[in-house]
Structure formats: structure tokens, C-alpha cells
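For reference, the chains in residue letters:
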Amino acid sequence: MMKSEISFLKNEQKENITSYLVDCINRVQDHEHILYFSYFYSKQFLLNKYEILNRENVTVIHDTSVTLEELEKYILQYKPDYVFIDFLKMTKRRDFFIQNKRLHYVKDTLKKFEDKYNVNVLVVVNWLEEK
């Protein structure tokens, strides 16, 4: 069983991030339920490109408007063992922000889901430097 993890990358290509998460899904057992959030690729694109996402135990959600707080309703609805988040953008102003929330808030929110629902959360955070 994989443990929860937040991976931080810097200016990484979205294709590489998705491939990384799909590789992680390959290590999950068929009987474990997966909830996969894509903030960048459509559900149809993902299902066509990655056969593993077509398994019965995988639910793919593509909704760019889903906030961290709204993830909870999906966790309640689908009761996953794993939640994969592909991917959250992090920007730096004076502090680091993800979805207009400070980094520690994001970490605490994901930890709350992990503890409350006994779910493992794997998320990639891509720090996009403003040029």
C-alpha cells in the first residue's frame, strides 16, 4: 500500500506529471478504489491515452473548478482508498499559494481528509515561476 504524499516539482511539463501519477496507479491493487482528479486533461483524453485509467476501480474527474474543500464531497461519494490529484499549481508572491490558499493550509486540508476518511492522497504540486 502506498502512503500519502505531496510531490513538489518546479516548472515540470504536465505530460510528465500525469505519467508519474499513472505509474503510481499501476502499483495500486485492482480491489482498491481510486479517485483521480485531473486539472488539465479531459477525462476522454486520459481514458484514451492511459489504459489503466479505464479499470472499474478508477474514477476520473476532470473539473478545473474543484477547490480543495470540494474534494471532500467526491471522497464521500466515491469512498476511495486513494485520491490522486494531477496537479495543483503553486505560485509565489510573498508566500507560496495553491488555489489562493497558503501552502500549509493545503497540506493541513489533505491531512484532514487522510485522517477523517482513511484515504491516501497523492498530489503533485508544480511550482510555476512567473517569468
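Above: the structure in question.
Overview of the structure.

Thresholds applied
Residues numbered from 1 in each chain as written. Predicted model: local features only at pLDDT ≥ 70, side-chain atom pairs only at ≥ 80, totals over all residues. Heavy atoms only, no water. Helix = DSSP H or I, 4+ residues; strand = E, 2+ residues; numbered from the N terminus. Rg over C-alpha atoms; globule rule 2.2 N^0.38 Å. Contact = heavy atoms within 4.5 Å. Areas by Shrake-Rupley, 256 points an atom, 1.4 Å probe, with all protein chains shown as cover. Axes fitted to C-alpha atoms, helices over the stretch in contact; angles between N-to-C directions. Parallel < 35°, antiparallel > 145°, perpendicular 65-115°, else oblique. Left-handed = near helix turned anticlockwise from the far one by under 90°. Nonpolar A, V, L, I, M, F, W, Y, C, P; charged D, E, K, R; others polar. Core = buried A, V, L, I, M, F, W, Y, C linked by side-chain atoms within 4.5 Å. Buried < 20%, exposed > 50% of the residue type's maximum accessible area, 1.4 Å probe, protein only.

## What about the overall build of the chain?
Per the secondary structure count, the chain includes four helices and seven strands. What you see in the chain, going N to C, is helices and strands ordered as β-α-β-α-β-α-β-β-β-α-β. Rg of the C-alpha trace for the chain: 14 Å, near the compact-globule value of 14 Å for 131 residues, within the 12% margin. Principal-axis analysis of the C-alpha atoms places the extent of the chain at approximately 45 × 30 × 25 Å. Partitioning the intrachain contacts of the chain with sequence separation of at least 6 by distance along the chain shows that 76% fall at a separation of at least 24. For the chain, the accessible area works out to roughly 7,700 Å², and carbon and sulfur atoms hold 47% of it.

## Focus on the packing of helix α3 (residues 71-78) against helix α4 (residues 103-117)
Look at α3 against α4: their axes get within 11 Å of each other, and the N-to-C directions meet at 20°. One element, α3, and the other, α4, form an angle in the roughly parallel class. The hand of the α3/α4 crossing is right-handed. Of the residues in α4, those in contact with Leu71, Glu72, Ile75 and Leu76 of α3 are Leu110, Lys112, Phe113, Lys116 and Tyr117. Residue classes in the contact of α3 with α4 are distributed as six nonpolar, no polar and three charged.

## Observations regarding the environment of isoleucine 98
Here isoleucine 98 shows up in strand β5 (residues 96-98). Filtering out sequence-adjacent residues up to four positions away, isoleucine 98 remains in contact with Leu88, Lys89, Met90, Leu103, Val106 and Val125.

## Here we look at the nonpolar core
The biggest cluster of nonpolar side chains holds 22 residues, and the ones touching the most others in it are Tyr36, Leu53 and Phe84. Of all the secondary-structure elements, those providing two or more residues to this core are α1 (14-26), β2 (34-38), α2 (43-49), β3 (58-62), β4 (82-92) and β7 (120-127). A per-element tally of this core places α1 first, with five residues. If sequence neighbours within four positions are ignored, leucine 53 has contacts with Val22, Ile25, Tyr36, Leu46, Leu47, Val58 and Val60.

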